[in-house]
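Examination of the molecular architecture
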Amino acid sequence: VPEGHTLHRLAAALDAALGGAVVTASSPQGRFAAGAALLDGSRLVVTDAHGKHLLVGFAAAQDAERSPGHWLHLHLGLYGTLAIGEGEPPPVRGALRLRLIGEGRGGPRWADLRGPTACELLTEEGVALLRARLGPDPLRADADPQVFVDKASGARTPVGAVLMHQDVIAGVGNIYRAEVLYRAGLDPYTPGREVGVERLQLLWQDQKHLLEVGLRTGRILTTEPEHRTGSSPRGREGDHYVYGRTGMPCRLCGAPIATAQLEARALYWCPHCQAPGAGPPFDRRLAA
Ligand SMILES: [Zn+2]
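Residues numbered from 1 in each chain as written. Predicted model: local features only at pLDDT ≥ 70, side-chain atom pairs only at ≥ 80, totals over all residues. Heavy atoms only, no water.

A closer look at the pairing of strand E2 (residues 43-50)
Selection rule: Note: two strands are recorded as paired if DSSP finds a minimum of 2 bridges between them. Secondary structure counts use DSSP, requiring at least four H or I residues in a row for a helix and at least two E residues in a row for a strand, with both numbered from the N terminus.
Two elements, E2 and strand E3 (residues 53-59), share seven bridges in a ladder whose sense is antiparallel. For Leu44, the partnering residue across the bridge sits in E3 and is Phe58. Taken together, E2 and the strand that follows it, E3, pair antiparallel across an intervening segment of two residues, in which Gly51 is found at a positive phi of about 60°.

Below, the structure is given as structure tokens:
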């Protein structure tokens, strides 16, 4: 599942491609035919992301105010993709849920959506309801970290599960939860309410920092440069401390990385660096 930084990148890319454009919308696959018909001929006026959700506002082409009357809500889920390109769109093939074509600021552009978990039209109220269900997204300027701290510090469930709850913190997925807990030296099985407010605040700050790196680079890169080994320009084996490294030696202490299922996804951690009562395994240089 794409994590939050990917959706923010897609929001920016879609805005750069088709922001301000009157679009031709179609659902070649047919499953979003009615929605596409409503969007067809309207103007794409705003793109936004909250956690793993992408929101695209459309206004009537003649509306001088450009106030969105329809919001397209997308969640890519496990298999969804949104491809954006220049010039003529490629020939239609496969299960193409939605195609948008328009004359963007930089010329003709297209966007193809395939395999999303959610593809629906919402009103402004619907968007507000959706966002009210989601926790703060560290990549959003309007995010309130205190909401995260309050919710997480009230949880009886392990912090490794809490981080996956989109109503507690939006945008964190399976890779970031493992990595941010490692960087904090936190045992993933510590109940949320036993983590402590200060460490939760640090967890938020570090998650924000990691998501910002992801937003900038398009990669989930969580290792500090001095801890990257075996990395090649095309390989990504140096990108993570624990994720996907079952049985491999911890980059800092050499202990074999452990794995278990938590929240129906594989959790990875270092039993030594993240033993109960441990602290951060290295000094984190948090981005200012
Ligand atoms: Zn370790």
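There's more to say after this.
A look at the coordination of the zinc ion
Inclusion rule: Each metal site is built from N, O and S donor atoms within 2.8 Å (3.2 Å for Na, K and Ca), and since water is not included, such sites may look incomplete. Here the metal geometry follows the donor angles, with tetrahedral for four donors whose angles all fall between 85 and 135 degrees, square planar for four and octahedral for six when opposite donors are more than 155 degrees apart and every other angle is between 65 and 115, and irregular for all the rest. When a residue's accessible area, from a 1.4 Å probe over protein chains only, is under 20% of the maximum for its type it is buried; when over 50% it is exposed; and in between it is partly exposed.
On the protein side, the zinc ion has Cys250 (SG), Cys253 (SG), Cys270 (SG) and Cys273 (SG) as donor atoms, found 2.2 to 2.4 Å from it. Taken together, the four donor atoms surrounding the zinc ion define angles of 98 to 115° at the centre, an arrangement classified as tetrahedral. Spacing between the donor residues of the zinc ion along the chain follows C-x2-C-x16-C-x2-C. Of this pair, Cys253 sits in the loop between helix H7 (197-217) and strand E9 (258-262) while Cys270 is found in the segment after strand E10 (265-269), placing the two residues 17 residues apart along the sequence. Judged by relative accessible area, which is 32%, Cys253 ranks as partly exposed. Given a relative accessible area of 0%, Cys270 falls into the buried group.

Details of a nonpolar patch on the surface
Just so we agree on the cut-off: The residues that make up patches have over 30% relative accessible area and no salt bridge, and they are joined within 9 Å when like-charged or within 5 Å when they are Val, Leu, Ile, Met, Phe, Trp or Tyr. Accessibility throughout is a Shrake-Rupley quantity obtained with a 1.4 Å probe, and a residue counts as covered only by protein chains that appear here. Any Lys or Arg side-chain nitrogen found within 4 Å of a carboxyl oxygen on Asp or Glu counts as a salt bridge.
Residues Val1, Leu78 and Tyr79 make up a contiguous nonpolar surface patch of about 350 Å² in total accessible area. Among the structural elements, Val1 can be located in the segment before helix H1 (4-18).

Points about the nonpolar core
As a rule of thumb, nonpolar side chains are buried together in soluble globular proteins. Condition: Buried Ala, Val, Leu, Ile, Met, Phe, Trp, Tyr and Cys residues that are joined via side-chain atoms within 4.5 Å together make up what is termed a nonpolar core.
Grouped together as the largest cluster of nonpolar side chains are 26 residues, with contacts concentrated most on Leu18, Leu44, Leu54, Phe58, Leu72, Leu98 and Leu100. Listed by contribution, the elements that provide at least two residues to this core are H1, strand E1 (23-26), helix H2 (33-39), E2, E3, strand E4 (70-75), strand E6 (96-104) and strand E7 (107-114). The next biggest cluster of nonpolar side chains, apart from the first, holds 25 residues, and it includes Val162, Tyr176, Val195 and Leu200.

Regarding the sheet that holds strand E8 (residues 118-122)
For clarity, the threshold we go by: Every axis in this analysis is a line fitted to C-alpha atoms, fitted for helices over the stretch in contact. Angles between the N-to-C directions lie between 0 and 180 degrees. Residues count as neighbours in contact if any of their non-hydrogen atoms are within 4.5 Å of one another.
Ordered by their spatial adjacency, four strands build an open sheet running E2-E3-E4-E8, and the pairing between neighbours is antiparallel. At either margin of the open sheet sits one strand with a lone partner, and together these are E2 and E8. Sheet twist, expressed as the average angle between the axes of neighbouring strands with direction ignored, equals 20°. Set on the sheet, H1 makes contact with E2 and E3; between it and E2 the angle comes to about 170°.

Digging into the pattern of salt bridges
Under the defined criterion, the tally for this structure stands at 10 salt bridges. Notably, a salt bridge pairs Arg109 with Glu86, separated by 3.8 Å at the nearest N-O pair. Linking Arg109 in strand E7 with Glu86 in strand E5 (residues 81-86), this pair joins segments that are 23 residues apart in sequence. Classification of Glu86 as exposed rests on a relative accessible area of 60%. Across the salt bridge formed by Asp112 and Arg99, the nearest N and O atoms sit 2.8 Å from each other. Taken together, the residues span a long stretch of sequence, with Asp112 in strand E7 and Arg99 in strand E6 at a distance of 13 residues. Shared partners join several salt bridges into a network, and the residues in it are Asp48, Arg131, Arg140 and Asp142.

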